[in-house]
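The chain contents come next:
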Amino acid sequence: MGSTSRASAAKGVSGVSAAAGIRLRSYSGNVYRFDPGALCLELLVTGGPGALARYEVLHTPDDLTAWADQSRLTPTPLALHVTADDVAYARRLRDALTRTVVSRVVGGAGLPELGIAAADTADLDLVNEAAARPPLAPAIGADGTRGWAAGTATGAQLLSTVARDAVDLLTGPYAERIRMCAGDRCYLLYVDTSRPGRRRWCSMEHCGNRHKVRAHRVRRSGAAPVE
């Protein structure tokens, strides 16, 4: 699904980024912005089960903090207190979410070509367990700016916030708009929040552009159109 590089985004006023997106690096080395449309789906680009383990970036507490800082949460940086146990739990939650979302998108078989099994009850139990914990709590500062309530910026509460976002997504009005990129060998997952609901690509900078280039070459060659 991809590896991340450190990047920041302009923040909005509602707890998510106004110009959301995680910076990813393609196989060719090009850096592009991927906006999955939901906080929980942003976590999925940090690695995952099966073949996605090769993209693992969550090794230390600093890695989880860095991910939070480039996520759609606002304000950042969060000044998180993260432990090694939080990092291990983040990987378990991410893998459970990956299987859950993949099963929702492609059906019960999962993605055997990537070694990703279908979700089971243990995956849902883990998501629900994380969501049941206290989340990050927003607060208004004396200067009127948004912040986080004292004592809430911990790794466990960050992951609860992610899990609650997953529950909202998977049970909400956009549950049927979760998609997998139509690009060749691209398995990035996103929620299509566009008004017409016709988003096909992880990013127009990446897979969308590659499709346009291939289609142009096919038209020039006179071959059958690229789907």
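Coordinates for the structure precede this section.
These remarks concern the structure in this document. All values derive from a computational prediction rather than experimental measurement.

Quick look at the overall build of the protein
- When you go through the protein residue by residue, the secondary structure sums to six helices and seven strands.
- Secondary structure elements in the protein, listed N-terminal to C-terminal, are β-β-β-α-α-α-α-β-β-α-β-β-α.
- By residue count, 47% of the 227 residues in the protein fall in the buried class.
- At a minimum sequence separation of 6, the contacts of the protein that also span at least 24 residues come to 56%.
- Of the roughly 11,200 Å² of accessible surface on the protein, 52% is carried by carbon and sulfur atoms.

So, helix 3 (residues 84-106)
- With 23 residues, helix 3 should reach 33 Å at 1.5 Å per residue; the first-to-last C-alpha distance of 33 Å fits that figure.
- Of the residues one or two after helix 3, Gly107 is the one with positive phi, at around 105 degrees.

Describing the environment of Leu189
- Examined against the element boundaries, Leu189 turns out to sit in strand 7 (residues 189-191).
- We classify Leu189 as buried; its relative accessible area is 3%.
- Along the chain, Leu189 and Thr98 lie 91 residues apart, while their C-alpha atoms are 8.9 Å from each other.

Focus on the pattern of salt bridges
- Scanning the entire structure with this criterion turns up seven salt bridges.
- Note that Glu42 and Arg72 form a salt bridge whose closest N and O atoms lie 3.2 Å from each other. Residue Glu42 is located in helix 1 (residues 39-43), and its partner Arg72 is located in the loop between helix 2 (61-70) and helix 3; the two are separated by 30 residues in the primary sequence.
- Residue classification places Glu42 among the buried positions, given a relative accessible area of 0%.
- Judged by relative accessible area, which is 9%, Arg72 ranks as buried.
- As a salt-bridge pair, Glu129 and Arg133 come within 3.8 Å of each other at their nearest N and O atoms.
- Accessibility expressed as a relative area gives 40% for Glu129, which makes it partly exposed.

Reading the values: rules and limits
- Residues numbered from 1 in each chain as written.
- Predicted model: local features only at pLDDT ≥ 70, side-chain atom pairs only at ≥ 80, totals over all residues.
- Heavy atoms only, no water.
- Helix = DSSP H or I, 4+ residues; strand = E, 2+ residues; numbered from the N terminus.
- Buried < 20%, exposed > 50% of the residue type's maximum accessible area, 1.4 Å probe, protein only.
- Contact = heavy atoms within 4.5 Å.
- Areas by Shrake-Rupley, 256 points an atom, 1.4 Å probe, with all protein chains shown as cover.
- Expected span 1.5 Å × (residues − 1).
- Salt bridge = Lys/Arg side-chain N within 4 Å of Asp/Glu carboxyl O.

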